[in-house]
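# Structural overview for review
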Amino acid sequence: ALFDAPGRDTAGAARSVYTRPSRSKDTRRRAEERARHASSSSSSSSSSSRAEKGSAEAGFFTAARAVPPVMAPVEAKTHDLTSELGKYLDRHLVFPLLEFLQAKRVYPENEVLEAKIALLNKTNMLDFAADIYKSLHNKSDVPAAMQQRREEVIANLTELSVKAEKVVNFLSDPTLVKQLRSDKAFNLAFLQESHGVGPEDIDALFHYAKFQFECGNYQAAGEFLSHYRGLCTNSERGASALWGKFASDILLQQWDAAVEDLTRLKDAVENRAYSSPLAHVHARTWLVHWALFVFFNHENGRNAIIDLFFQERYMQAIQAEAPHLLRYLAAAIITNKRRRSMLKDLVRILQCETYSDPITEFLLKLFVEYDFDGAQTKLAECDVVLENDFFLVGCKDEFNENARLFIFETYCRIHQRIDIKMLADKLSMDHDSAERWIVNLIRSTKLNAKIDSEKGTVQMYDQAQSVHDMIVEKTKALTSKTYSLSHAVLSNTQAQAGSVV
C-alpha cells in the first residue's frame with residue numbers, strides 16, 4: 001500500500017520557483033541550473049491556513065513559467081524518460097518533471113499544460129489546476145465539476161480537522177510531546193489515560209496527515225506522519241506513512257531527512273513479507289525511482305546510488321523492470337572519480353542489456369569497441385540528453401570533463417605518441433585549449449608523459465602498475481560487495497527462522 005495520492009492546497013496558495021537549500025557547491029550548481037529556466041509567480045486566496053502555509057513552503061511548483069522561444073532538439077524527446085519514470089512515481093513527484101519539460105520546451109507547451117491538468121485532476125490541487133486551465137483555454141472561469149470538487153475537498157478537510165483535533169492539539173504542544181517514549185504501548189496508554197486520545201484518534205491522525213499531504217501541506221503532513229509512525233500498531237499503515245514521509249521530505253527538499261527516510265524505507269521493503277517475489281521486485285523498483293531525487297540532490301548521493309544499484313537484488317529489479325535507470329548509474333560513475341573501479345562491472349552489465357541511450361552507448365563505444373570516433377559522436381549526443389534530463393542537468397559540465405578524461409586515458413593506453421591536433425578533434429576542443437587541458441591533466445594525475453610543443457605531440461612512457469596499486473584497485477569495491485553478501489545471508493537466515501516459527 002503505497003502513499004500515492006499527492007495533492008496541493010485547494011486555495012491556490014503561493015507558488016515559488018524550484019530552488020533548493022543546498023549544502024555543497026554541487027547541489028548549489030544543480031539548483032542554479034534548473035532555476036535558470038524558471039520564473040516565479042504567486043497567487044493567493046482563502047482556505048485552511050495550514051494548507052496555505054504548506055503550499056508556500058513547497059519549492060517544486062510554479063503557476064507560470066517563462067519558457068524559451070525555441071523548442072528543444074528532436075533528440076530530447078526521443079531520449080526523454082519521463083513516461084517511464086512516471087510509472088513508478090507518486091503523482092506529485094511527477095509534477096516537477098513536467099515543470100522541467102515545460103521550461104525546456106521538450107514538448108509543445110499546450111501538450112505539457114494538458115498533461116498537468118490531467119495529473120492535477122486526480123489530486124486535490126484544484127486551484128492550481130484551475131489556474132492552468134484558465135491560462136490554457138484563455139477563460140476566466142472553470143468547469144462546474146471542478147468547482148464542485150473544490151467545495152467537496154474543503155468540506156472533507158473541515159471534517160477531518162474536527163476528527164483529529166484532540167491528537168493534533170496534543171502534538172502541537174512540544175512540552176507534551178516530550179513526555180512520549182519509544183515504547184508504543186506506553187504512549188498509547190498515556191494518551192488514553194491522560195489526554196483522552198484513543199485508537200480512533202490515532203487513526204484520524206493518519207487520514208488527516210494524508211489529506212494534508214494531498215493538499216500540498218508537506219511540512220505538516222511530514223510531522224504528523226512521523227508522529228503517527230511512533231503511535232500506530234498497524235504495520236501496513238506504518239509502511240504507508242513512511243512512504244508519505246519520504247515524499248514530503250523530497251517535496252520540501254529536505255535532503256538530509258530524505259536520506260534517513262530512504263534508509264528506513266529500504267529496511268522496511270527488505271524485511272516486509274510480500275505476497276510473491278514479483279511484488280517484492282515491484283517494491284524495490286518503486287524505491288529506486290523515488291530515490292533518484294535524493295541521489296542527484298544530496299551531496300553524497302552519487303556514492304549512494306552506486307552502492308544501492310550494485311546490490312544484487314536491486315540490480316536484478318532494475319534489469320527486470322527498469323533498465324532505463326542504468327542511464328543514471330552510468331552518469332553517477334562517470335562523474336564520480338572515486339568510484340571508477342565500478343566501471344568494469346557496469347560495462348559488463350551494459351553489454352548484456354538491450355536498453356541503450358547516448359550515455360550508455362558512449363561507454364560501450366569507448367571501453368568495449370575502442371571506437372574513439374564513435375565515442376566522440378556519442379559524447380556530443382550526450383549533451384542533449386543531459387541538458388534535458390531533470391536529474392542530470394546539473395551534472396553536464398562535470399560529465400563532459402570526466403568523459404574527455406576517459407577518452408584521453410583510454411587512447412593513451414594504446415598509443416605511445418599522440419598528435420595534439422588529432423586529440424583536440426576527438427575532444428571537441430581547439431588546439432590551444434586541448435594543449436592546456438593536457439598539461440593540467442598531466443600535472444594533476446601525475447601521468448608519465450611529456451609534451452613536445454614543436455612537434456605538437458604528447459609522448460607517453462610506460463608506467464608499470466605497482467603491486468600496491470593493483471591490490472588497492474582490486475579491493476576498492478570489497479566493502480560494498482561484502483555488505484551485500486552479509487545482508488543477503490542475514491535476510492535468508494531471518495526468512496528461514498520466520499518460516500520455522
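A brief look at the structure comes next.

Here we come to the environment of L98. Take L98: it is sitting in helix α5 (residues 91-104). Ignoring anything within four residues of it in the chain, the contact list for L98 reads V112, A115, K116 and L119.

With glycine set apart, most residues show a phi of negative sign, and most peptide bonds adopt trans. Phi at N138 is positive, roughly 55 degrees, even though this residue is not glycine. The exposed category is assigned to N138, whose relative accessible area is 72%.

In this structure the tally under the stated criterion is 19 aromatic pairs. With a centroid separation of 5.7 Å and an interplanar angle of 85 degrees, the aromatic rings of F100 and F390 are classed as edge-to-face. Taken together, the residues F100 in helix α5 and F390 in the loop between α22 (372-387) and α23 (396-413) connect sequence positions 290 residues apart. In terms of burial, F100 and F390 fall into one category: buried. Look at F408 and W437: their rings are 5.7 Å apart centre to centre, the planes differ by 85 degrees, and that puts the pair in the edge-to-face class. With F408 in helix α23 and W437 in helix α25 (residues 431-445), this pair connects stretches of sequence that are 29 residues apart. Given the relative accessible area of 11%, W437 is considered buried. An aromatic cluster of three or more residues is present, and its members are F100, F293, F296, Y328, F390 and F391.

For the coordinates displayed, the defined rule picks out 26 salt bridges. Residue D249 pairs with K245 through a salt bridge whose shortest N-O separation is 2.7 Å. Here D249 and its partner K245 are both found in helix α14 (residues 235-251), 4 residues apart, which amounts to about one turn of the helix. Taking the relative accessible area as the measure of exposure, D249 reaches 3% and is therefore buried. Relative accessible area serves as the criterion here: at 15%, K245 is assigned to the buried category.

Here we take up the nonpolar core. Formed by 115 residues in total, the largest nonpolar core has its most connected members in L292, F309, Y328 and F362. If near-sequence neighbours (up to four positions away) are discounted, Y328 is found in contact with L81, L85, L292, F296, I305, D389, F391 and L392. Ranked by size, the runner-up nonpolar core spans 29 residues in total, among them L160, V168, F170 and V197.

Pairing in this open sheet of 3 strands is antiparallel, and the strands run β1-β3-β2 from one edge to the other. Every other strand in the sheet has two partners, leaving β1 (417-419) and β2 (449-452) as the edge strands with one partner each. Between one strand axis and the next, the sheet turns through 20 degrees on average, direction left out of account. One ladder, built from 4 bridges, connects β2 with strand β3 (residues 457-460); its direction is antiparallel. In the strand pairing of β3, K450 is matched with Q459.

Attention shifts here to the packing of helix α21 (residues 358-367) against α23. Where α21 meets α23, the closest approach of the two axes is 10 Å, and the angle between their N-to-C directions is 15 degrees. When the axes of α21 and α23 are compared, the pair comes out roughly parallel. Considering only the axes of α21 and α23, their crossing is left-handed. Here α21 contributes I359, F362, L366 and F367 to the contact with α23, which in turn contributes F399, A403, F406, I407 and T410. The class makeup of the residues in the contact of α21 with α23 is 8 nonpolar, 1 polar and no charged.

Orientation of helix α13 (residues 218-229) relative to α14, taken along the N-to-C sense of each, is 150 degrees, at an axis distance of 9 Å. Here α13 lies roughly antiparallel to α14, going by the angle between them. The element α13 and its partner α14 pack so that their crossing is left-handed. Every residue of α14 that contacts α13 at Y218, A221, G222, L225, S226, Y228 and R229 is listed here: R237, G238, A241, L242, G244, K245, S248 and L251. The class makeup of the residues in the contact of α13 with α14 is 7 nonpolar, 5 polar and 3 charged.

Among the structural elements, K266 can be located in helix α15 (residues 255-271). For the buried residue K266, which engages in no salt bridge, the nearest side chain bearing the opposite charge is D267, 5.1 Å off.

Conventions adopted
- Residues numbered from 1 in each chain as written.
- Predicted model: local features only at pLDDT ≥ 70, side-chain atom pairs only at ≥ 80, totals over all residues.
- Heavy atoms only, no water.
- Helix = DSSP H or I, 4+ residues; strand = E, 2+ residues; numbered from the N terminus.
- Contact = heavy atoms within 4.5 Å.
- Buried < 20%, exposed > 50% of the residue type's maximum accessible area, 1.4 Å probe, protein only.
- Phe/Tyr/Trp six-rings, centres within 6.5 Å; stacked < 30°, edge-to-face > 60°.
- Salt bridge = Lys/Arg side-chain N within 4 Å of Asp/Glu carboxyl O.
- Core = buried A, V, L, I, M, F, W, Y, C linked by side-chain atoms within 4.5 Å.
- Pairing = 2+ DSSP bridges.
- Axes fitted to C-alpha atoms, helices over the stretch in contact; angles between N-to-C directions.
- Parallel < 35°, antiparallel > 145°, perpendicular 65-115°, else oblique.
- Left-handed = near helix turned anticlockwise from the far one by under 90°.
- Nonpolar A, V, L, I, M, F, W, Y, C, P; charged D, E, K, R; others polar.
- Lys, Arg positive; Asp, Glu negative; His and termini not counted.

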